[in-house]
Amino acid sequence: YLRGEVLQLVRQVNDLHTLSMADLGALPCSFSDADAAAVVERAARRFEPRLQKAGLALQLRPGPPAPARWDCGRIEQLLTNLLENSLRYTTAPGQVRVQWAVAPGWLELRVDDTPPGVAPGQLEALFEPLFRADAARQRATGGSHGSGLGLSICRAIVQAHGGTIRAEASALGGLAVVARLPLNADPHGDA
């Protein structure tokens, strides 16, 4: 029990540090060339066993390969945080859909889940540190609902890559989070 509590505190401290660095405009990013589709698919597949264990089916709708210049570790952290959010707040049995599309210069990543959803008036606030949606979106997950920082970190990662992120109602009945990321996100790389 104590070990679990200590690990949770360490995660929270790390999350707070990440947000502090982002607030200072200094979120550390190490950009490299990669296949955007492979980065996203790898992160989703790695998380799939946790979703299955919680009674949630992963629906992966891959987009085409696309060369990107990203901090791949940060993009994997982005998707992991989005999937963690779905895991914590989606009622089982349920579904989580990960899909992406490529347009010239951009990749749009979308994570949808099944009910419950979030009230329209709370969608923008989801990205604020420590914000919690109303009780309809809460689900018991062993007593822990996380630090309340995951979606704030998602926003910081997307902004560090020069992109945008938004939340909306999902066609599946729950929440959809959509991140739009430039494929060449490195401000110092070849444009």
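Residues numbered from 1 in each chain as written. Predicted model: local features only at pLDDT ≥ 70, side-chain atom pairs only at ≥ 80, totals over all residues. Heavy atoms only, no water.

Colleague: Requested: an account of helix 2 (residues 36–53), with residues and values cited.
Modeller: With 18 residues, helix 2 extends 27 Å from end C-alpha to end C-alpha; this agrees with the ideal 26 Å at 1.5 Å per step. A bend of about 35° at Phe-47 is the largest found in helix 2, and the proline Pro-49 appears one to four places after it. Where helix 2 is concerned, the buried positions are Ala-36, Ala-37, Val-39, Val-40, Ala-43, Ala-44, Phe-47, Glu-48 and Leu-51. Elements in contact with the buried residues of helix 2: strand 1 (32–35), strand 2 (56–61), strand 3 (67–70), helix 3 (72–89), strand 4 (94–103) and strand 5 (106–113). Where helix 2 begins, one side-chain oxygen reaches toward the backbone nitrogen of Ala-37, 3.1 Å away; that side chain belongs to Asp-35. (Helix = DSSP H or I, 4+ residues; strand = E, 2+ residues; numbered from the N terminus. Expected span 1.5 Å × (residues − 1). Bend = angle between axes of the 7 residues up to and from the residue. Buried < 20%, exposed > 50% of the residue type's maximum accessible area, 1.4 Å probe, protein only. Contact = heavy atoms within 4.5 Å. Polar contact = N/O pair within 3.5 Å; in protein donor to acceptor, adjacent residues only side chain to side chain.)

Colleague: Give me the lowdown on unusual backbone geometry, citing residues and values where you can.
Modeller: With omega at -5°, the peptide bond leading from Ala-92 into Pro-93 counts as cis. Note the cis peptide between Pro-115 and Pro-116, where omega equals 5°.

Colleague: I'd like to hear about the packing of helix 3 against helix 4 (residues 150–160), residue by residue, with values.
Modeller: Packing of helix 3 against helix 4 brings their axes to within 9 Å, and their N-to-C directions diverge by 150°. On the basis of their axis angle, the class for helix 3 and helix 4 is roughly antiparallel. Considering only the axes of helix 3 and helix 4, their crossing is left-handed. Of the residues in helix 4, those in contact with Arg-74, Ile-75, Gln-77, Leu-78, Asn-81, Leu-82 and Asn-85 of helix 3 are Gly-150, Leu-151, Ile-153, Cys-154, Ile-157 and Val-158. (Axes fitted to C-alpha atoms, helices over the stretch in contact; angles between N-to-C directions. Parallel < 35°, antiparallel > 145°, perpendicular 65-115°, else oblique. Left-handed = near helix turned anticlockwise from the far one by under 90°.)

Colleague: Describe the packing of aromatic side chains, with residues and values.
Modeller: Applying the stated rule across the entire model yields zero aromatic pairs. Over the aromatic face of Trp-106 sits the side chain of Arg-180, whose NZ or CZ is 4.1 Å from the ring centroid. (Phe/Tyr/Trp six-rings, centres within 6.5 Å; stacked < 30°, edge-to-face > 60°. Lys NZ or Arg CZ within 6 Å of the ring centre and 35° of its normal.)

Colleague: Before we move on, could you go through the nonpolar core and cite the residues and values that matter?
Modeller: If you look at the biggest cluster of nonpolar residues, it comprises 49 residues, and the most contacted ones within it are Trp-70, Leu-78, Leu-79 and Val-98. Considering every element that reaches this core, the biggest residue donor is helix 2, with eight residues. In this view, Leu-78 contacts Leu-109, Cys-154, Ile-157, Val-158, Ile-165, Ala-179 and Leu-181; residues no more than four positions away in its chain are not counted. (Core = buried A, V, L, I, M, F, W, Y, C linked by side-chain atoms within 4.5 Å.)

Colleague: So what's going on with the environment of Ser-32? Which residues, and what values?
Modeller: With respect to the element layout, Ser-32 can be found in strand 1. Along the sequence, Ser-32 and Cys-72 sit 40 residues apart, while their C-alpha atoms lie 7.4 Å from each other. Setting aside its immediate chain neighbours within four residues, Ser-32 contacts Ala-68, Arg-69, Trp-70 and Cys-72.

Colleague: Tell me about the packing of helix 2 against helix 3, and name the residues and values.
Modeller: Their axes nearest at 9 Å, the elements helix 2 and helix 3 cross at an angle of 35°. Pair helix 2 / helix 3 crosses with right-handed handedness. Facing Val-39, Val-40, Arg-42, Ala-43, Ala-44, Arg-46, Phe-47, Arg-50 and Leu-51 of helix 2, the residues of helix 3 in contact are Cys-72, Ile-75, Glu-76, Leu-79, Thr-80, Leu-83, Glu-84 and Leu-87.

Colleague: Tell me about the side chain of Asp-112, and please be specific about residues and values.
Modeller: Inspection of the secondary structure puts Asp-112 in strand 5. Reaching out from Asp-112, the side chain makes a polar contact with the side chain of Ser-170 at a distance of 2.7 Å.

Colleague: Pulling in residues and values, what's your account of the pattern of salt bridges?
Modeller: Enumeration over the complete set of coordinates arrives at 11 salt bridges. A salt bridge links Arg-69 to Asp-33, with the shortest nitrogen-to-oxygen separation between them at 3.1 Å. Here the residue Arg-69 occupies a position in strand 3, and Asp-33 occupies one in strand 1, the gap between them amounting to 36 residues. Asp-33 sits in the exposed class, given a relative accessible area of 62%. A salt bridge links Arg-88 to Glu-84, with the nearest nitrogen and oxygen atoms 3.2 Å apart. Taken together, the residues span about one helical turn, with Arg-88 and Glu-84 both in helix 3 at a distance of four residues. Both residues of the pair, Arg-88 and Glu-84, belong to the buried class. Shared partners join several salt bridges into a network, and the residues in it are Arg-110, Asp-112, Arg-166 and Glu-168. (Salt bridge = Lys/Arg side-chain N within 4 Å of Asp/Glu carboxyl O.)

Don't take any of this as a statement about function, it's just geometry.
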